[in-house]
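Observations on the three-dimensional arrangement
Now for the letters of each chain:
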Protein chains: 2
Amino acid sequence: MKPTLPKGTRDFLPSEVKKRRYIFDTIRSVFESYGYDPIETPVMESLTTLTGKYGDEGDQLLFKVLNNGDYLNKADAKALEEKNSQKLISSISKRGLRYDLTVPFARFVVMHQNEIQFPFKRYQIQQVWRADRPQKGRYQEFYQCDADIVGSDSLMYEAELTAIYDTAFYKLGISVTIKYNNRKILYGITEAAGVADRFRDITVCIDKLDKIGEEGVRKELEKNSIESMAVDVILTLLKVKDINDLILPFESSETGQEGLNETKEFLSYLSSYNSKNSIVFDPTLARGLSYYTGCIFEVVADDIVMGSIGGGGRYADLTGVFGLKGVSGVGVSFGAERIYDVMLELGLFDDISAVSSQVIILTFDKECHSYAFAKANDLRNAGIETEVYPSPVKMKKQMKYANSKGIPNVIIIGDEEMKSGRLTLKDMESGKSDQYSIKEIIEKLGTK
Amino acid sequence: MKPTLPKGTRDFLPSEVKKRRYIFDTIRSVFESYGYDPIETPVMESLTTLTGKYGDEGDQLLFKVLNNGDYLNKADAKALEEKNSQKLISSISKRGLRYDLTVPFARFVVMHQNEIQFPFKRYQIQQVWRADRPQKGRYQEFYQCDADIVGSDSLMYEAELTAIYDTAFYKLGISVTIKYNNRKILYGITEAAGVADRFRDITVCIDKLDKIGEEGVRKELEKNSIESMAVDVILTLLKVKDINDLILPFESSETGQEGLNETKEFLSYLSSYNSKNSIVFDPTLARGLSYYTGCIFEVVADDIVMGSIGGGGRYADLTGVFGLKGVSGVGVSFGAERIYDVMLELGLFDDISAVSSQVIILTFDKECHSYAFAKANDLRNAGIETEVYPSPVKMKKQMKYANSKGIPNVIIIGDEEMKSGRLTLKDMESGKSDQYSIKEIIEKLGTK
């Protein structure tokens, strides 16, 4: 039997695990420096929690887990007879795999509302599953890294999340542009154009600007029966670079003015923050997801073309669907898989050591081998990752293993070394070797 | 809609995540100090990979993932008609959730055999899923922490894994007894009793010794039609404390002698190793899993009754089922969930801070609030986890939040502090407060 992996899933080799861990650890340390708390939710959620939260398309992409035991016993007889796959699901499957971290977080907040303090600042770095058609750079199992605050409508948090983006990408070595907009400004634009009743359709069209360009958006809007004069107004206002230029057009749009005021307050916090990356207003930023209600964000890498590597925004009501009303929240997400690809292409992992051990001990005979086993612990206790070759076979074979694993230092122990206690240490890069006491070796390797 | 969790699954609150992370980080650091490399495998494996590897009972406990789309379209018509749940599975589900880390590891080794070096030392800390009936301390979703070496039959690795147990539990603060035995010694005992042809049945009986006691095992063996004289021999030999006392009984058992020799070689490595815990020979240790062929291990906590919190052993052929023959391996597993329970009961988490932020900044007005937003970054850049209360509301409300979150230090900024640059720092435990520059605060909090 030749083993295979399910499509859209991946194994990670040690060198990949270490690079990915570097990304997660960096983002985690930034989250924690701002006082965000980690939570974890189960991989399997009740299907009733997940279904209906991601639109019809999302429901299709949920992975459903078959009930255990004699699941057909309680199956919907009519659906079975009709061979209606869709209709049968709820009677043979009550669990599904997490589709994102936002809905589980909302459920968590509702279920644990008496165990947490509001505003609740949480981060979560876990996998999610989507039955999307796999393609280059898109998998069915992948990580999300989210930070959210619920229970406060302070715009300080919008500024804080911007600073988190700025700091994290700076620490990862990726130069980025952090774009912001406000759904209320988008609404103001539709109001200025006299077509606010079509707000949702229009934002869906605007969301495609990156892909289909201005002319494409014009056609889409016209196809949606937006009058061409209104289209002109919208496309003109989407070119504004300075929010002050929207004050006049928004003269009679209360919501638009609110959006401008929120943006100004958000920016006031950032005025004394020294950002390492560009933070720019982009009125064309729409974010398809309809649950955003205020400020929205998107992050793109400056030195490489790779879609967005982060995004988020404010939602007025996250937990209402689970019975807890009036809890406003704001959050951002890091696109870990794309960040990995960006860093790989930009060579930003070059300093991440893929090497498992700093040193390996090779021996000439059985007695030396036992001696090596004991001595290795002196090195490990001093924080030096140390391997012992499993048996005193031919030195050439042992050397070959050390070489192929790329272990940078080799200690060789023969009779002489055992007697004197001074071990031969070879630097595999320079090829130089000399004899040292364990203490000297610890000093030498510990300071590297 | 009132949200719920699927049975046997759990949310983890921040304080739990931090305690669990401490366990994983400690074990990981020990694995890495011995040169073990991390790998990760997908949560979903092909059902063909998983099925038939865990016995009939295991197959029942696998979570199966429903195929996406119109899954009934390709369903086995006959199985559908018969309402045969078991028979239908393979035609409507091709993926399952990982049941352990061993089988995915075997698959990994076979699929990546040209990308890794043998002996391959890997560790893996990931979740697994089993549709067991949930009960206290037993969940359907839980973590396993495994370290294995494949591609070497050196007994040094048995000693190394023992040292890893010893070091890791020492670092976690749990006093343990590491028990070892060898399946070949068990075989020798059955050979000495003249009933080696019933080896597998007998080990299954012996495995129950802890639960049903000696008399229980006697009854089980007799129920299995083992003659009472043979039972006497077995029960006598299971009482041996010193392996040398088995030399005579094993005079005509080649396998038994091999087991003794392997044990002696394993012990020779440990002779110069200073263990912090007891490492003891236990001939009654059987380990139910039939794939073990040599040395076997089990770890129990000394100061609390809690079953085994670790186990492992050598298997002569792990990857054969996937087409790669002759690869011997040895591995150990840490029972992370039980280790958590042990540490909780022994109060070993008391030093793990459950606090998210070291300091929170409270402010009196809008201007101070913007100032606080900027100043907070000076603290974060110095490695101090810092929160800013989201708005300058009544000081009492802000204080209440700081208190309920258990944040140990509070900085208060009003007009006076902003002008002088000397901020009021309050130690929440002592209640004392004084004014300091940011630099002084960093020095004060950084050295705590």
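Keep in mind that what you see is a predicted model, and the values were worked out from it rather than measured. (Residues numbered from 1 in each chain as written. Chains lettered and ligands numbered in written order. Predicted model: local features only at pLDDT ≥ 70, side-chain atom pairs only at ≥ 80, totals over all residues. Heavy atoms only, no water.)

1. Points about the environment of A:E57
Considering the arrangement of structural elements, one finds A:E57 in helix α3 (residues 55–61). A:E57 sits 387 residues away from A:K444 along the chain, and the two C-alpha atoms are 59 Å apart. (Helix = DSSP H or I, 4+ residues; strand = E, 2+ residues; numbered from the N terminus.)

2. Things to note about the relation of the copies chain A and chain B
Here two copies of a chain appear, and what relates them is a rotation about an axis with a shift along it. When chain A is fitted to chain B, the best match, at an RMSD of 0.1 Å, comes from turning it 180° and sliding it 0.0 Å along the axis. Taken together, the rotation angle and the small translation identify this as a two-fold axis. Relative to the rotation axis, the closest C-alpha in chain A is found at A:V65, a distance of 2.2 Å. Interface overlap between copies: 100% of the residues of chain A at the interface are likewise at the interface in chain B, consistent with a symmetric, same-surface contact. (Least-squares fit on C-alpha atoms with pLDDT ≥ 70 in both. Contact = heavy atoms within 4.5 Å.)

3. As for the pairing of strand β16 (residues 433–436) of chain A
Residues and elements named next belong to chain A. Looking at chain direction, strand β15 (residues 423–427) and β16 are connected through 4 bridges and run antiparallel. Bridge pairing links K426 to S433 in β16. Taking the residues between adjacent antiparallel strands as the criterion, β15 and β16 are bridged by 5 residues, where G431 takes a positive phi near 80°. (Pairing = 2+ DSSP bridges.)

4. Some remarks on the pattern of salt bridges
Pairing of side chains with opposite charge becomes possible as their charged atoms draw close. Evaluation of the coordinates by the stated rule reveals 56 salt bridges over all chains. Linking A:E32 and B:R21 is a salt bridge whose minimum nitrogen-to-oxygen distance equals 3.1 Å. Taken together, the residues span two chains, with A:E32 in helix α1 (residues 14–33) and B:R21 in helix α1 (residues 14–33). B:K208 is the salt-bridge partner of B:E220, the closest N and O atoms lying 3.1 Å from each other. Placement of B:E220 in helix α10 (residues 209–223) and of B:K208 in the loop between α9 (199–206) and α10 is noted, with a sequence separation of 12 residues between them. Residue B:K208 is classed as partly exposed on the basis of its relative accessible area, which comes to 33%. (Salt bridge = Lys/Arg side-chain N within 4 Å of Asp/Glu carboxyl O. Buried < 20%, exposed > 50% of the residue type's maximum accessible area, 1.4 Å probe, protein only.)

5. Considering the packing of aromatic side chains
All chains considered together, the criterion is met by 38 aromatic pairs over all chains. With a centroid separation of 5.3 Å and 75° between ring planes, the pair formed by A:Y389 and A:Y401 is classed as edge-to-face. One end of the pair, A:Y389, is in the loop between β13 (386–388) and α15 (395–404); the other, A:Y401, is in helix α15, with 12 residues separating them in the sequence. As far as burial versus exposure is concerned, A:Y389 and A:Y401 are alike and both buried. Ring geometry for B:F108 and B:F120: centres 6.3 Å apart, planes at 10°, overall stacked. Of this pair, B:F108 sits in helix α6 (residues 102–111) while B:F120 sits in strand β5 (residues 120–129), and the two are 12 residues apart along the sequence. (Phe/Tyr/Trp six-rings, centres within 6.5 Å; stacked < 30°, edge-to-face > 60°.)

6. Focus: the sheet that holds strand β11 (residues 329–334) of chain B
Residue and element names in this part refer to chain B. In space, the 8 strands of this open sheet follow the order β1-β5-β6-β11-β10-β9-β7-β8, with mixed pairing throughout. Edge strands, defined here as strands with exactly one partner in the open sheet, are β1 (37–38) and β8 (278–281). Bridge analysis of β1 against β5 gives 2 bridges, and the strand direction is parallel. The residue of β5 that forms the bridge with D37 is R122. Helix α7 (residues 156–172) contacts β5, β6 (141–150), β7 (176–182), β8, β9 (295–301), β10 (308–315) and β11 of the sheet and is inclined by roughly 10° relative to β11. (Axes fitted to C-alpha atoms, helices over the stretch in contact; angles between N-to-C directions.)

7. Thoughts on unusual backbone geometry
That bond from A:F118 to A:P119 is cis: its omega, -5°, falls within 30 degrees of zero. Mapped onto the elements, A:P119 comes out in the loop between α6 (102–111) and β5 (120–129). Despite not being glycine, B:K83 has its phi angle at roughly 50°, a positive value. Mapped onto the elements of the fold, B:K83 is located in the loop between α4 (77–82) and α5 (85–92). Here B:K83 falls in the partly exposed class, since its relative accessible area comes to 37%. One non-glycine residue with positive phi stands out, namely B:S225, at about 60°. Locating B:S225 in the fold gives a position in the loop between α10 and α11 (228–237). Judged by relative accessible area, B:S225 falls into the exposed class, the value being 61%.

8. Focus: the confidence of the model for chain A
Note that predicted coordinates carrying low pLDDT should not be read in detail. Per-residue pLDDT for chain A has a mean of 94; in total, 99% of the residues score no lower than 70. Overall fold confidence for the complex sits at a pTM of 0.95, while the interface term, ipTM, reaches 0.94. (pLDDT = per-residue confidence, 0-100.)

9. Brief notes about the sheet that holds strand β12 (residues 359–363) of chain B
Residues and elements named next belong to chain B. A sheet is described by the order of its strands in space; here 5 strands give the open sequence β13-β12-β14-β15-β16, paired in mixed fashion. Of all the strands in the sheet, the pair left with one neighbour each is β13 (386–388) and β16 (433–437). Each adjacent strand pair in this sheet contributes to an overall mean axis angle of 30°, direction not counted. Where β12 lies against β13, 3 bridges are found, and the strand directions are parallel. Within β13, the residue paired with V359 across the bridge is T386.

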